[in-house]
Amino acid sequence: MNRIENTEHQRLTFWEKLYLPEIAKGLGITLRQMFKPKFTRQYPEERWEPTGSYRGRPVLVLDEDGERCVACGLCSRVCPALAIEVQAAETEREKERYPEKFEINMLRCIFCGFCEEVCPEEAIVMSKDYELVFTNREDGILGKDKLLVPIHKLQDRLEFLREYK
Amino acid sequence: MVEWSFLIIEFLIKALIILTLILLIAAAFGVYLERKISAFIQNRIGPNRVGPFGILQPFADVIKLFLKEDITPYAADKFFHRIAPVISLGVAFSVYAVIPFADPFKYGDKLIYFSITTPDVNIGILFILALTSVGVYGITFAGWSSNNKYSLLGGLRSSAQMISYELSMGLSIVGVLLVAQTLSLQEIVQKQALWNWNIFYQPLGFIVFLVSAFAETNRAPFDLPEAEPELVGGYNTEYSGMKFGMFFLAEYANMFTSSLIIVLLFFGGWNLPIPPEWIGLEPGSFWLSLIQFCILIFKTLLMVFFFIWVRWSVPRFRYDQLMYLGWKVLLPLALINLIVTSIVIYILK
């Protein structure tokens, strides 16, 4: 009879088999939890401010002297979800090229951040914007009017990129 | 003739007031308490949007349930499927017919009882025991008529559980009845005046009754009939809309009933902790009855809090553990309690 038994009946001590003291202990633990601070964030009133490392909605940087994008098309090329569409045009200014049309399809975007990594001009970056609701499919395609964001709103992300990219 | 019409009007008014109060306190406030306490135990805040501190949340829930589509499965037995929630909720509320809430008070030369039936029912506790076991028919019918294997398992478990725990519950009550020498709830409470609570005379009986009450109301840790991880939703899987809502309300009404009976039998019911003369209330006055009613509700809500607290602390029993506990632990304990109580009472007589 070289059988090793390890049943619940053998493992428990007499007081544990009585159940009630153990249940009282458990109740004590839950009672203590009741008076601890809560983790809930009251969302619409209390919003979370992400750090620079957060990858939210991709946006185009708007510098003091206009948009940075030179419409090279690398972001469009690298995008694994085929969400970006760029059409280049020419101007008389110092930077000769600019995007005539720049669309990001938010229905397709997967927030991978490849566009930002590949951009030679630091013109497209991931913002902290995480409230991305739209009510029809047309609104999900963002044009230049919605994509251009002033540079001072993107400082955190630009600093993060300079340090870690 | 005038006597009769007066009785009927009195009965109707009392039924209306007490049932409305119970529906508000037991069902609405019970659901709110459950959600709040569970939230607090899990370090959350709980409902706080509808009304101040979210106190109107249960009403919003009920309105939502009323507006939901009421689905009857194609293969279900339509009649029983429809009647099951009615049995559940109806039985849960009909128990209140015999429960007294305070001492009777004098109005003119008439004695008005603080319970729906007038005068006090002298076998109240028997009536309650009988009705609570009828309540299981609602759950069993629901499980069987849905024609769904999970529902059926839930209903079966419910009836097996009820049979196992009804015995120890009844036997543990007998101890109290021996101490009180009466079956009338009114007199049982009056014999526990001041701090003469039955829990001090019947501690073992109290524990047996408490555990059986948890099992009878299908509350955790004995909520096997609706064990979500195993049985989808248990007996109410195939119910939607207000039919589901009725099971839900019945569960909370049952919990409140059990708490109320525990308080009446073991925690001195509506008795004030000090003699009522000390605060200038003479026996038989309306204000004394009102204060007694408030004390009873307060004690009951504490008990409801305990029910909810246990639910969010203790994991569910396995089925064999449930049966082991019911037949091999609680039943012998209840019998020992009964024998010891009878011997002690016989010696003291």
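Residues numbered from 1 in each chain as written. Chains lettered and ligands numbered in written order. Predicted model: local features only at pLDDT ≥ 70, side-chain atom pairs only at ≥ 80, totals over all residues. Heavy atoms only, no water.

**Here we look at the overall build of chain A**
Consideration 1: When helices and strands are counted, chain A shows 7 helices and 7 strands.
Consideration 2: For chain A, the succession of helices and strands along the chain, N to C, is α-α-α-β-β-α-β-β-α-β-β-α-β-α.
Consideration 3: Against the compact-globule benchmark of 15 Å for 165 residues, chain A has a radius of gyration of 28 Å, which places it well outside the compact range.
Consideration 4: Each principal axis of the C-alpha atoms in chain A carries an extent, and together these give about 90 × 50 × 40 Å.
Consideration 5: The proportion of buried residues among the 165 residues of chain A is 32%. (Helix = DSSP H or I, 4+ residues; strand = E, 2+ residues; numbered from the N terminus. Rg over C-alpha atoms; globule rule 2.2 N^0.38 Å. Buried < 20%, exposed > 50% of the residue type's maximum accessible area, 1.4 Å probe, protein only.)

**Describing the interface of chain A and chain B**
Consideration 1: On the side of chain B, 19 residues touch chain A, which itself brings 18 residues to the contact.
Consideration 2: In total, about 1,600 Å² of surface goes out of reach between chain A and chain B, with carbon and sulfur atoms giving 64% of it.
Consideration 3: Sorting the residues of chain A by area buried against chain B places Leu27, Met34 and Lys38 of chain A first, and these three jointly supply 34% of that buried surface.
Consideration 4: Summed over the shared surface of chain A and chain B, the result is 1 salt bridge.
Consideration 5: Between Glu45 of chain A and Arg49 of chain B there is a salt bridge, with the nearest N and O atoms lying 3.2 Å from each other.
Consideration 6: With 8 residues, helix 3 (residues 20-34) of chain A is the single largest residue contributor to the side of chain A that touches chain B.
Consideration 7: A breakdown of the residues in the side of chain A that touches chain B according to their chemical character gives 9 nonpolar, 5 polar and 4 charged. (Contact = heavy atoms within 4.5 Å. Buried area = accessible area lost by both parts, 1.4 Å probe. Salt bridge = Lys/Arg side-chain N within 4 Å of Asp/Glu carboxyl O. Nonpolar A, V, L, I, M, F, W, Y, C, P; charged D, E, K, R; others polar.)

**Some remarks on the pairing of strand 4 (residues 97-105) of chain A**
Residue and element names in this part refer to chain A.
Consideration 1: Relative to strand 4, strand 3 (residues 84-90) runs antiparallel, the two being bridged by 7 bridges. Opposite Val86, over in strand 4, you have Phe102 as the bridge partner.
Consideration 2: Linking two consecutive strands that pair antiparallel, namely strand 3 and strand 4, is a turn of 6 residues. (Pairing = 2+ DSSP bridges.)

**Considerations on the environment of Glu138 of chain A**
Residues and elements named next belong to chain A.
Consideration 1: Examined against the element boundaries, Glu138 turns out to sit in the loop between strand 5 (124-126) and strand 6 (141-142).
Consideration 2: Under the relative-accessibility criterion, Glu138 is labelled exposed at 60%.
Consideration 3: When the C-alpha positions of Glu138 and Leu107 are compared, they lie 9.6 Å apart, and in sequence the two are 31 residues distant.

**Quick word on the side chain of Lys243 of chain B**
Consideration 1: With respect to the element layout, Lys243 of chain B can be found in helix 10 (residues 241-266).
Consideration 2: Among residues more than four places away in sequence, those in contact with Lys243 of chain B are Asp70, Thr72, His81, Arg82 and Pro85 of chain B.

**With respect to the pairing of strand 1 (residues 58-63) of chain A**
Each regular strand displays side chains that alternate between the two surfaces of the sheet.
Residues and elements named next belong to chain A.
Consideration 1: Summarising burial for strand 1: 5 of the 6 residues are buried, a large majority.
Consideration 2: Inspection of the sheet shows strand 1 paired to strand 5 by 3 bridges, in the antiparallel sense. Residue Leu60 lies in a different strand from strand 5, and its bridge partner there is Ile124.
Consideration 3: Examined bridge by bridge, strand 1 and strand 7 (residues 148-150) share 3 bridges and lie parallel to one another. Within the sheet, the bridge partner assigned to Val61 lies in strand 7 and is Val149.
Consideration 4: With 2 bridges connecting them, strand 1 and strand 2 (residues 66-67) associate as antiparallel partners. Opposite Asp63, over in strand 2, you have Gly66 as the bridge partner.
Consideration 5: Two successive antiparallel strands, strand 1 and strand 2, enclose a turn made up of 2 residues.

**A few points about the sheet that holds strand 3 of chain A**
Residue and element names in this part refer to chain A.
Consideration 1: Read from one edge of the open sheet, 3 strands run 3-4-6, paired in antiparallel fashion. Here the strands that pair on one side only, and so sit at the sheet edges, are strand 3 and strand 6.
Consideration 2: Where strand 4 meets strand 6, 2 bridges bridge the pair, whose relative direction is antiparallel. If you follow Asn105 over to strand 6, its bridge partner there is Ile141.

**Comments concerning a nonpolar patch on the surface**
Consideration 1: A surface patch of nonpolar side chains, about 510 Å² in accessible area, is lined by Trp4, Leu7, Ile8, Phe11 and Leu12 of chain B.
Consideration 2: With respect to the helices and strands, the residue Phe11 of chain B is situated in helix 1 (residues 2-41). (Patch = residues over 30% accessible without salt bridge, like charges linked within 9 Å, V, L, I, M, F, W, Y side chains within 5 Å. Areas by Shrake-Rupley, 256 points an atom, 1.4 Å probe, with all protein chains shown as cover.)

**Here's the deal with the packing of helix 3 (residues 78-94) of chain B against helix 10 of chain B**
Residue and element names in this part refer to chain B.
Consideration 1: It is the contact of helix 3 with helix 10, at a shortest axis distance of 8 Å, that shows an interaxial angle of 25 degrees. As judged from the angle between their axes, helix 3 and helix 10 are roughly parallel. As for the relative orientation of helix 3 and helix 10, their crossing is left-handed in sense. Residues His81, Arg82, Ala84, Pro85, Val86, Ser88, Leu89, Ala92 and Phe93 of helix 3 form the contact with helix 10, whose participating residues are Lys243, Met246, Phe247, Leu249, Ala250, Ala253, Asn254 and Thr257.
Consideration 2: Looking at the contact of helix 3 with helix 10 residue by residue, the class counts come to 11 nonpolar, 4 polar and 2 charged. (Axes fitted to C-alpha atoms, helices over the stretch in contact; angles between N-to-C directions. Parallel < 35°, antiparallel > 145°, perpendicular 65-115°, else oblique. Left-handed = near helix turned anticlockwise from the far one by under 90°.)

**Examining the environment of Phe102 of chain A**
Residues and elements named next belong to chain A.
Consideration 1: Locating Phe102 in the fold gives a position in strand 4.
Consideration 2: The class for Phe102 is buried, based on a relative accessible area of 1%.
Consideration 3: Sequence spacing of Phe102 and Leu154 is 52 residues, and the spatial spacing of their C-alpha atoms is 19 Å.
Consideration 4: Excluding residues that lie within four positions of it along the chain, Phe102 makes contacts with Leu60, Cys69, Cys75, Ile84, Glu85, Val86, Ile124, Leu142, Gly143, Lys144 and Leu147.

**Points about the environment of Gly234 of chain B**
Residue and element names in this part refer to chain B.
Consideration 1: Within the element layout of this structure, Gly234 appears in the loop between helix 9 (228-231) and helix 10.
Consideration 2: A residue is classified by how much of its surface remains accessible, and Gly234, at 0% relative accessible area, is buried.
Consideration 3: When neighbours within four sequence positions are excluded, Gly234 is seen to be in contact with Tyr150, Ser151, Pro225 and Glu226.

**So, the nonpolar core**
Consideration 1: With 85 residues, the main nonpolar core has Phe101, Phe222, Ile262, Leu265 and Phe267 of chain B as its most contacted residues.
Consideration 2: Not counting chain neighbours up to four residues away, the residues in contact with Phe101 of chain B comprise Ile18, Ile22, Tyr96, Phe114, Leu260, Trp270, Gln292, Phe293 and Leu296 of chain B.
Consideration 3: Leu60, Cys79, Ala83 and Cys115 of chain A belong to the second-largest nonpolar core, a separate cluster that totals 18 residues. (Core = buried A, V, L, I, M, F, W, Y, C linked by side-chain atoms within 4.5 Å.)

**Thoughts on the pattern of salt bridges**
Consideration 1: Under the defined criterion, the tally for this structure stands at 19 salt bridges over all chains.
Consideration 2: Of the charged contacts, one joins Arg219 of chain B and Glu251 of chain B as a salt bridge, the two residues approaching to 3.2 Å between their closest N and O atoms. Taken as a pair, Arg219 of chain B in the loop between helix 8 (203-216) and helix 9 and Glu251 of chain B in helix 10 lie far apart in primary sequence, 32 residues in all. Each member of the pair, Arg219 of chain B as well as Glu251 of chain B, carries the same accessibility label: buried.
Consideration 3: Note that Asp223 of chain B is salt-bridged to Arg316 of chain B, the shortest N-O span being 2.8 Å. Taken together, the residues Asp223 of chain B in the loop between helix 8 and helix 9 and Arg316 of chain B in the loop between helix 11 (286-311) and helix 12 (319-348) connect sequence positions 93 residues apart.
Consideration 4: Residue class for Arg316 of chain B comes out partly exposed when judged on its relative accessible area of 26%.
Consideration 5: Among the charged side chains, a network of salt bridges with common partners joins Asp63, Arg68, Glu122 and Arg162 of chain A.

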